[in-house]
Amino acid sequence: MKYLVGKKIGMTQIFDEEGTVTPVSVIEVEPNVVVQKKTIETDGYNAVQVATGVVKAKKLNKPEKGHFDKSGVEYRRHVSEFRTDDVDSFNIGDEIKVDIFEVAEHVDVTGTSKGKGTQGVIKRHNFGRGRETHGSKFHRMPGGMGAASYPGRVWKNHRMAGKMGNEKVTVQNLEIVRIDTDKNLILVKGAIPGNKKGTVKIKSSVKTTK
């Protein structure tokens, strides 16, 4: 599996030779450094841990510093890991860059969606609204909860107003349109979750492979 941790820069659009416009999300990927290798014998599963984003020592606590000191890797801000059965092909200290992916390859991008605070049922769950005329008092309310004499309560997981956004979201099967190895950029077709400068994880698509 191919895997990288990057930073969302924003969205733009590019034109091909025929003049067709394509909306793309720009992801900046600093070289990911291998910090640790996990195996079934030592940890119960196979995985590779990578880190990115150089950070000052004062930004880390003692356990985090010790983890990097043990690996002999410069202090990094973000640490993530991905599961793979091909652990032996990675060595501690190796750098993984954008050139592991290719143009036209499909990837899945995971990030934290934008937080929208507390929202009502219309925005949060796409409920229909009530009429605005003839003295109606029902406009943007949730409506009946379906609880009469039985069961006499609201069922769990009933769709209601509440917190919206700020949760883990994965957008699958996005096509890589362009790769800039000089600037460490990956341009994928379409939108990806999160705010600008938010951390995202890019991995090989589970649905489509080149």
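This is a predicted model, so every value here is computed, not measured. Throughout this description, residue numbers start from 1 for each chain and increase along the sequence as written. At least 70 in pLDDT is required for a residue's local features to be given in this predicted model, at least 80 for side-chain atom pairs to be given and counted, and no such filter applies to totals for whole chains, interfaces and linings, which use all residues. The side-chain numbers reported here are obtained from all heavy atoms of the structure, hydrogens and water having been left aside.

### Digging into the pattern of salt bridges
- The working definition used for a salt bridge is a side-chain nitrogen of Lys or Arg within 4 Å of a carboxyl oxygen of Asp or Glu. Under the counting rule described, the total for this entry stands at 5 salt bridges.
- With its nearest N and O atoms 3.8 Å apart, the salt bridge here joins glutamate 28 to lysine 7. Of the two residues, glutamate 28 is situated in strand 2 (residues 21-28) and lysine 7 in strand 1 (residues 3-15); the sequence distance between them amounts to 21 residues.
- The closest approach of N and O atoms between glutamate 95 and lysine 97, which form a salt bridge, is 3.9 Å.
- Overall, glutamate 95 belongs to the partly exposed group, its relative accessible area being 47%.
- In this structure lysine 97 comes out as partly exposed when scored by relative accessible area, which is 36%. Numbering of helices and strands runs from the N terminus; a helix is a DSSP stretch of H or I covering at least four residues, while a strand is a stretch of E covering at least two. Under the scheme applied here, a residue whose accessible area is under 20% of the maximum for its type counts as buried, over 50% as exposed, and between as partly exposed, the area being computed with a 1.4 Å probe on protein chains only.

### What about the sheet that holds strand 4 (residues 47-54)?
- One open sheet accounts for 4 strands, arranged 5-4-3-6; its pairing is antiparallel. Of all the strands in the sheet, just strand 5 (76-83) and strand 6 (95-96) have a single pairing partner and so form its edges.
- Pairs of strands are assigned from DSSP output, requiring at least two bridges between the strands. Judged from the 7 bridges that link them, strand 4 and strand 5 form a sheet pairing that is antiparallel. Each residue of the ladder has a partner; that of valine 54, found in strand 5, is arginine 76.
- Any two residues whose heavy atoms approach within 4.5 Å are treated as being in contact. The angle between two axes is taken between their N-to-C directions and runs from 0 to 180 degrees, where each axis is a line fitted to C-alpha atoms and a helix contributes only its stretch in contact. The sheet strands contacting helix 2 (residues 62-71) are strand 3 (32-38), strand 4 and strand 5, and the helix crosses strand 3 at an angle near 90°.

### Topic: the environment of threonine 84
- Among the structural elements, threonine 84 can be located in the loop between strand 5 and strand 6.
- Distance in space between the C-alpha atoms of threonine 84 and valine 48 is 7.1 Å, their sequence separation being 36 residues.
- Leaving out residues up to four positions away in the same chain, threonine 84 has contacts with Met1, Asn46, Ala47, Val48 and Phe90.
- As used in this structure description, the phrase polar contact means that two N or O atoms lie within 3.5 Å; if the pair is within protein, one of them must be able to donate a hydrogen and the other to accept it, and residues adjacent in sequence are counted only when both atoms belong to side chains. A distance of 3.1 Å separates a polar side-chain atom of threonine 84 from the backbone nitrogen of aspartate 86.

### Some points on the packing of aromatic side chains
- Geometry of aromatic contacts follows a simple scheme: Phe, Tyr and Trp rings, the Trp one being its six-membered ring, pair when their centres are within 6.5 Å, and the pair is stacked under 30 degrees between planes, edge-to-face over 60, tilted otherwise. In the structure shown here, the tally under the stated rule is 3 aromatic pairs.
- Ring geometry for phenylalanine 68 and tyrosine 75: centres 6.2 Å apart, planes at 70°, overall edge-to-face. For the pair shown, phenylalanine 68 and tyrosine 75 are each scored as buried.
- Considering the side-chain rings of phenylalanine 82 and phenylalanine 90, the 5.8 Å spacing of their centres and the 75° angle between planes classify their relative orientation as edge-to-face. The pair formed by phenylalanine 82 and phenylalanine 90 is uniform in burial state, with each residue classed as buried.
- Put simply, the rings of Tyr3, Phe82 and Phe90 pair up and form one aromatic cluster.
- Both a distance and an angle decide whether a charge sits over a ring: NZ of Lys or CZ of Arg must be within 6 Å of the ring centre and within 35 degrees of the ring normal. In this arrangement the basic side chain of arginine 83 is found over the ring face of tyrosine 45, its NZ or CZ atom lying 4.3 Å from the centre.

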